[in-house]
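This is what each chain is made of:
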Amino acid sequence: MDVASTAEAIRSMEIRGAGRIARAGASALLDLAQSYHGEDEASFLAELDAAKRTLLDSRPTAVSLWNGVHAVVRGVKDQPDLASMLALVESNAQRFITRSEEAVRQISLIGAKRIQDGDVIITHCNSSAAVGVLKEAYAQGKRFKVYATESRPWRQGIITVNELAEAGIDVTLIIDSAVRSVMKYANKVFVGADTVTSHGALINKVGTSQVALAAKEARVQFYVCAETYKFSPMTLFGDMVTIEERDTEEVAKDGEVRPEVKIFNPVFDSTPAAYIDAIITEAGMISPGSVYQVMVESLGEEAFRMED
Ligand code: RI2
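In this text, all values refer to a predicted model and were calculated from it rather than measured experimentally.

Rules used throughout
Residues numbered from 1 in each chain as written. Predicted model: local features only at pLDDT ≥ 70, side-chain atom pairs only at ≥ 80, totals over all residues. Heavy atoms only, no water. Near = heavy atom within 4 Å. Polar contact = N/O pair within 3.5 Å; in protein donor to acceptor, adjacent residues only side chain to side chain. Areas by Shrake-Rupley, 256 points an atom, 1.4 Å probe, with all protein chains shown as cover. 1 Å grid on protein atoms, 1.4 Å probe; cavity = no way out; pocket = protein on both sides within 12 Å on 5 of 7 lines; lining within 4 Å. Sits in = over half its atoms within 2 Å of the grid points. Helix = DSSP H or I, 4+ residues; strand = E, 2+ residues; numbered from the N terminus. Nonpolar A, V, L, I, M, F, W, Y, C, P; charged D, E, K, R; others polar. Points joined across faces, edges and corners; volume = space filled by probe spheres on them. Pairing = 2+ DSSP bridges. Axes fitted to C-alpha atoms, helices over the stretch in contact; angles between N-to-C directions. Contact = heavy atoms within 4.5 Å.

### Concerning the site of the ligand
Okay, step 1: Lining the immediate surroundings of the ligand are 19 residues, of which Ser128, Asp194, Asn204, Lys205 and Lys230 lie closest.
Okay, step 2: A distance of 3.1 Å separates an oxygen atom of the ligand from a polar backbone atom of Ala18.
Okay, step 3: Ala129 has a polar backbone atom sitting 3.2 Å from an oxygen atom of the ligand.
Okay, step 4: The protein chains hide 100% of the 450 Å² of surface that the ligand would expose on its own.
Okay, step 5: Because more than half of its atoms lie within 2 Å of the grid, the ligand is assigned to the largest cavity.
Okay, step 6: Of all the secondary-structure elements, those providing two or more residues to the shell around the ligand are α2 (18–34), α6 (128–139) and β6 (202–205).
Okay, step 7: Residue classes in the shell around the ligand are distributed as six nonpolar, eight polar and five charged.

Below, the structure is given as structure tokens:
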């Protein structure tokens, strides 16, 4: 898919999930390099820069997209000629996509170790990393129950329950506001991540912080499944994560409520590090306090040399 259609598919949530949008962004830049027919370096760099901006503007919250796009363009402008620029975009993109898929697989294996027979697990929204952990544990022969939230307004929980049921897992769909009632049956929570800040806070689908609060109250373990390219270098410099607000029509259709009613539709929220027991990454399970160190090791120092 080209850059414009990829950005539109991300914006409209046809392509969604923090890991998937990062891979889609990298793949669109790969497509740009492979189909480039221009002849000079300056035009290619200008086109690459415009493509980068188009992709980054599509959804603002998940840093995975930022890290993915920057991993692809890194070093390109320092190449001596157009052929080397195109080759570097291609190899960077392919490396990012392969590593990203491998990271999700590693997280499944590491996270599955935290699951035991008889566990009752809650998950929220639809995270391929969290679902991967549950499916891997089941494939290893562990038997447990899952409660999955509906996750209004997009109802990505429907994807989750169908994926889990298809794998054979005992899964129950609940509405978001049932989380606290159901927490008394649960002993573990597994969720995904859109962004993890340098101080270990989790930015994930709106409602995650309420799940975490209910888990803390009930002393239920709260695990985050996050590839390290969801760690945000910008937060180290004090940047706040932008919380995406989507169309109000997603909450109530036009004409459903009186015109004087205001609608607020933030789609992510922030869970403080103190509510998180551990973050399961491809580099191993870490405490929220170790995010900075793992981020430097995994993303490399160049990720901290900020480019816009
Ligand atoms: P994976 C999703 O966002 C959810 O918030 C989910 O927890 C997160 O991305 C991570 O998903 P959205 O795109 O990368 O549905 O684990 O808004 O698939």
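On we go.
### Considering the layout of surface pockets
Okay, step 1: The space that makes up the largest pocket amounts to roughly 420 Å³.
Okay, step 2: Along the walls of the largest pocket sit 16 residues, with Ala71, Phe96, Arg99, Ser298 and Leu299 positioned nearest its centre.

### Some details on the sheet that holds strand β10 (residues 284–286)
Okay, step 1: Taken in spatial order, the seven strands of this open sheet run β3-β2-β1-β4-β7-β9-β10, and their pairing is mixed. Lying at the two open borders of the sheet, with one neighbouring strand each, are β3 (170–174) and β10. Adjacent strand axes in the sheet meet at a mean angle of 25 degrees, parallel and antiparallel pairs treated alike.
Okay, step 2: Here strand β9 (residues 278–281) pairs with β10 via three bridges, running antiparallel. Considered in β10, the bridge of Thr281 is made with Gly284.
Okay, step 3: With respect to the sheet, α6 is in contact with β1 (120–123), β2 (145–149), β4 (188–191) and β7 (221–225), its orientation differing from that of β4 by roughly 130 degrees.
Okay, step 4: Along the sheet, helix α7 (residues 157–167) makes contact with β1, β2 and β3, crossing β3 at roughly 165 degrees.

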